[in-house]
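Listed here are the chains, written in short residue letters.
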Amino acid sequence: MEVRKAVIPAAGLGIRFLPVTKSLPKEMLPLVDKPIIQYIVEEVVASGLENILIVTGRGKRAIEDYFDQSPDLERHLTQKGKHDLLKIVRELGELVDMHYIRQKEPRGLGHAVFCARKFVGEEPFAVLLGDDLIYHKSPCLKQMLTLFTQVQATILAVQEVPPQDVNKYGILDAQLIQPGVYQVNDLVEKPDPAAAPSRLAIMGRYIITPQIFELLAHTPPGAGGEIQLTDALRELKQTQPIYGLAFEGQRYDVGDKLGYLKATIDFALTHHPDLKEEFTAYLSQITAKL
Ligand code: UTP
């Protein structure tokens, strides 16, 4: 089987980023001049997938508008002869075949993924969370797709986190079977650090087999009263193998203020050569004053 479709759940409330997320989806927060969700979409495209479903919710219209065409803006840029900007704006609407569905209530990540069942059908599919940004010259999803061709099974992207952070993530109980690849025995959502089976945390990228939908249909609310994808994956593990991939790349939790600030600075320095010199000088100047 081949993975052809990607689902980006983006219907969460973004409580950690209030008040801005009251009316602006956190996925639309910019890293310099591009919204976070564009980097996620670019990762999908660079990994070779062409069908994307974004799960949106109330107050998330800005995401659809962003990837839509904007005739007025394009006319204005043409008239002003701003051809470089025109190219950037046009390419956005042509990036990929984009679909949308609304999750009527934010009932949890598991429920958001369940909303994608008709779009996905009977195929393995990718899930990329809108608040985890992973940067590497070989995109994280591409690394996972390479492993998928070998194992043809559910794969979770993982990275080790410090012991004090295990209670923020889904954590694996797993054994290393080849460099960077783990066979999963069990998973637990946000464990107490003392009881955590490892420090291998799931990092917002999944390839999942379609049998997950039958399980999500009856997964009861778990941690935080939300329908947890981890709980359904745990059940899936009873009937199918699941693998963890320790991917290569720098990961940013851009749904968190500190993670977002780190990503903003790193992206300004690495993706914007025009800003680098003056911005570095400015950073040295302000850090010298601290
Ligand atoms: P988070 O729990 O990190 O996102 O969910 P959140 O709820 O938006 O953020 P905080 O914690 O309140 O600040 C992980 C991902 O799952 C999506 C979110 O949009 C995010 O990308 N999600 C979560 C949904 O799509 N629907 C939900 O009901 C919950």
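None of the values given here were measured: they were computed from a predicted structure.

Criteria and cut-off values
- Residues numbered from 1 in each chain as written.
- Predicted model: local features only at pLDDT ≥ 70, side-chain atom pairs only at ≥ 80, totals over all residues.
- Heavy atoms only, no water.
- Phe/Tyr/Trp six-rings, centres within 6.5 Å; stacked < 30°, edge-to-face > 60°.
- Helix = DSSP H or I, 4+ residues; strand = E, 2+ residues; numbered from the N terminus.
- Lys NZ or Arg CZ within 6 Å of the ring centre and 35° of its normal.
- Expected span 1.5 Å × (residues − 1).
- Bend = angle between axes of the 7 residues up to and from the residue.
- Buried < 20%, exposed > 50% of the residue type's maximum accessible area, 1.4 Å probe, protein only.
- Core = buried A, V, L, I, M, F, W, Y, C linked by side-chain atoms within 4.5 Å.
- Contact = heavy atoms within 4.5 Å.
- Near = heavy atom within 4 Å.
- Polar contact = N/O pair within 3.5 Å; in protein donor to acceptor, adjacent residues only side chain to side chain.
- Areas by Shrake-Rupley, 256 points an atom, 1.4 Å probe, with all protein chains shown as cover.
- Nonpolar A, V, L, I, M, F, W, Y, C, P; charged D, E, K, R; others polar.
- Pairing = 2+ DSSP bridges.

Draft legend 1. Quick peek at the packing of aromatic side chains. Tallied over the entire structure, the rule returns six aromatic pairs. Pairing Tyr-66 with Phe-67 gives two aromatic rings, centres 5.2 Å apart and planes at 80 degrees, and the pair type is edge-to-face. Relative to Phe-267, the ring of Tyr-135 lies with its centre 5.9 Å away and its plane at 65 degrees, an arrangement referred to as edge-to-face. Taken as a pair, Tyr-135 in strand S7 (residues 132–135) and Phe-267 in helix H10 (residues 257–271) lie far apart in primary sequence, 132 residues in all. Counting every residue linked through ring pairs, the aromatic cluster contains Tyr-39, Tyr-135, Tyr-252 and Phe-267. Over the aromatic face of Phe-114 sits the side chain of Arg-117, whose NZ or CZ is 4.0 Å from the ring centroid.

Draft legend 2. Seen up close, helix H11 (residues 273–288). Compared with an ideal rise of 1.5 Å per residue, which puts 16 residues at 22 Å, H11 spans 23 Å between its outermost C-alpha atoms and is within 8% of the ideal. Bending of H11 peaks at approximately 30 degrees at the position of Phe-279.

Draft legend 3. Geometry of helix H1 (residues 36–46). Most of H1 is tucked away, with eight of its eleven residues classed as buried. Those residues of H1 that fall on the buried side of the exposure criterion are Ile-36, Ile-37, Gln-38, Tyr-39, Ile-40, Val-41, Glu-43 and Val-44.

Draft legend 4. Spatial organisation of the nonpolar core. Core analysis: the biggest nonpolar cluster contains 50 residues, and Ile-52, Ile-54 and Leu-133 have the highest contact counts within it. In this structure, Ile-52 is in contact with Ala-6, Ile-8, Val-41, Val-44, Val-96, Asp-97, Met-98, His-99 and Phe-119, ignoring residues within four places of it in sequence. In this structure, Val-7, Ala-112, Leu-129 and Ile-208 belong to the second largest nonpolar core, which totals 33 residues.

Draft legend 5. Representation of the site of the ligand in the model. Ala-11, Ile-15, Arg-16, Gln-103 and Gly-108 are the nearest of the 19 residues found near the ligand. Gly-12 is positioned with one of its backbone polar atoms (N or O) 2.9 Å from an oxygen atom of the ligand. Here an oxygen atom of the ligand and a backbone polar atom of Gly-14 are 2.9 Å apart. For the ligand, the protein covers 85% of the area, taking 560 Å² as the surface of the free molecule. Taken together, the residues of the shell around the ligand sort by class into nine nonpolar, five polar and five charged.

Draft legend 6. Expanded view of the pairing of strand S9 (residues 170–178). One ladder, built from eight bridges, connects S9 with strand S10 (residues 181–189); its direction is antiparallel. Residue Leu-172 lies in a different strand from S10, and its bridge partner there is Leu-187.

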